Amino acid sequence: MNEQIIKNMKEIIGEDWVITEPDKVGTYCEDETEPEMKPVVCKDCIVVKPSCTNEISEIMKYANSNGITVMVRGGATGMAGGAVATQPSVIISMERLNKIIEVDETNLTVECEAGVTLLDLIEKFKNHKNLFFPIHPGDEGAQVGGMVSTNAGGVRAVQYGVMRDQVRGLEAVLPTGEILELGGKLIKNNTGLDFKDLIIGSEGSLAVVTKVTLKLQPKKQYSGSLIVSFDKDEDAVKAVPIMLMKGIKPLAIEYMEKAPTMASAEDLGLTWPSSSGNVYLYFIVGSDDQDKMYETCEKIVEICEECGAADSFIAESSKEQRDILEIRSHVYPSIKKKLVDTLDVAVPISYLPEFMDKIRTLSDEFKIEIQTIGHIGDGNMHNFIMTEDGKKPSKYDELVDNIYKYAIKCGGTITAEHGVGKLRINKLPIQFSEKELSIAKEIKKIFDPNNILNPGTKIKL
């Protein structure tokens, strides 16, 4: 990295907050993308750790004037290569912007800096009697700015929606250095174009998110976990739209196939509560009335039994509930050695039976193992492409293209949570027309005229 760039960065934020040592810089150049899928990493970078929005503004002004590539790194928990440095860059680490600024109980909001982690928010509201922040994408090391930039989802989306539904306002720095204040605590605001929603989900390609005002939700006094097992996955899949149509909306509905579930339980030294069936539906039910909570569980079991359920189990104790959630959360780490890629397509719920049948057909046709865990309540399925050694099979691209094309045929999307990043940017023509891609490029050029901010991610010029 050019010595003049290093000198100028030190002048902007202070010598102690610029990292140039290759071994330390290397730890900031990657994210959680699978090794076989990861873009080629460039470590000819420096890392800067600003402490405030104004410092980020000065960094961006300098970089824009000198044509220097900038990448923004949050918790690096992404799985689409969005935080992987592929060319010499100034990497902005947001870790020092870590303050929870205000909890406003009247407006049901929390304002925080972009480097605040999900764990920070959980700890902040753990002992709060009435309020909590509902979005939980899985990794509690994820930072708020990254969650906004990727429009994070997770298990509770079936009731609370995704990150976009939680953001009331945000502060962001443009690639040219200007600072934008977008939205606020208002519930309604119909003035002008909605730049806030454009930045949410843009994966760090349009602006640097620095502060966020998030909605808070009232806590449910009681919660319970319910496991229902099925012999056939098609029976499990068809039960979900029936219960949603009847107005039953749990906090979470997860689809879990037996192989990855048991691998996770064994890895943790825990016991999965159901020994029957080949696939499970895992429900988290919340209510302010304990009797109503159990009544909802009974209605769910009744619908599942009508659809061919083999067995059911209600977790009574808090330990049982924690163990079940831990097993669900640990599925990914437990199979990682054999994992080539984690797809995260979504289809309308009515198409889930058809889509899952197609996954089985393609797995047999290509002779490639596909295991599935998913947020079935919102149609978002994680199809794990597996091999014995975790190496990418020769027909990987053909298999994935078939999956994507079928998801689009069902009215779905090629990515519902993980994002496009650098990993799936060449797959965008499967979903979008040439005109749609052209509009996206023009928007990128307006925000980032010199293409310095995270180039090659989300939008390819």
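Rules and cut-offs
Residues numbered from 1 in each chain as written. Predicted model: local features only at pLDDT ≥ 70, side-chain atom pairs only at ≥ 80, totals over all residues. Heavy atoms only, no water. Pairing = 2+ DSSP bridges. Helix = DSSP H or I, 4+ residues; strand = E, 2+ residues; numbered from the N terminus. Buried < 20%, exposed > 50% of the residue type's maximum accessible area, 1.4 Å probe, protein only. Arc of directions from axis to C-beta. Contact = heavy atoms within 4.5 Å. Core = buried A, V, L, I, M, F, W, Y, C linked by side-chain atoms within 4.5 Å.

Asks: Which parts of the structure should I look at to understand the pairing of strand E5 (residues 100-104)?
Replies: Regular strands have side chains that alternate between both faces of the sheet. Pairing of E5 with strand E6 (residues 109-113), which is carried by four bridges, proceeds in the antiparallel orientation. Among the inter-strand pairings, Asp 104 is bridged to a residue of E6, identified as Thr 109. Here E5 hands over to E6 after four residues, with Leu 108 in that stretch at a positive phi of 55°.

Asks: How do you make sense of helix H4 (residues 118-125) when you look at a structure like this?
Replies: Think of an α-helix as 3.6 residues a turn; residues three or four steps apart then line up on the same face. All of the buried residues along H4 are Leu 118, Leu 121 and Phe 125. Summarising the axial view, the buried residues of H4 lie within an arc of 60°, below the 170-degree limit, and thus occupy one face. Where H4 is buried, its residues contact E5, E6, strand E7 (131-132), helix H5 (144-149) and strand E10 (208-215).

Asks: Would you explain the nonpolar core in this entry?
Replies: Looking at soluble globular proteins, one finds that nonpolar side chains tend to be buried together. Counting 53 residues, the largest nonpolar core has Phe 133, Val 148 and Leu 214 as its most contacted members. Setting aside residues no more than four positions away along its own chain, Phe 133 makes contact with Leu 118, Leu 121, Met 147, Arg 156, Met 163, Gln 166, Leu 214, Lys 215 and Leu 216. Core analysis: the next-biggest nonpolar cluster, separate from the first, contains 51 residues, Cys 304, Leu 399, Ile 403 and Ile 414 among them.

Asks: Is there a simple way to think about unusual backbone geometry in this case?
Replies: Across residues other than glycine, the phi torsion is negative in most instances, and most of the peptide bonds are trans. Positive phi is not limited to glycine here, since Lys 367 has a value of about 55°. Within the secondary structure layout, Lys 367 lies in the loop between helix H13 (352-366) and strand E17 (369-375). The backbone of Asn 451 sits at a positive phi, close to 50°, despite the residue not being glycine. Residue Asn 451 is classed as partly exposed on the basis of its relative accessible area, which comes to 27%.

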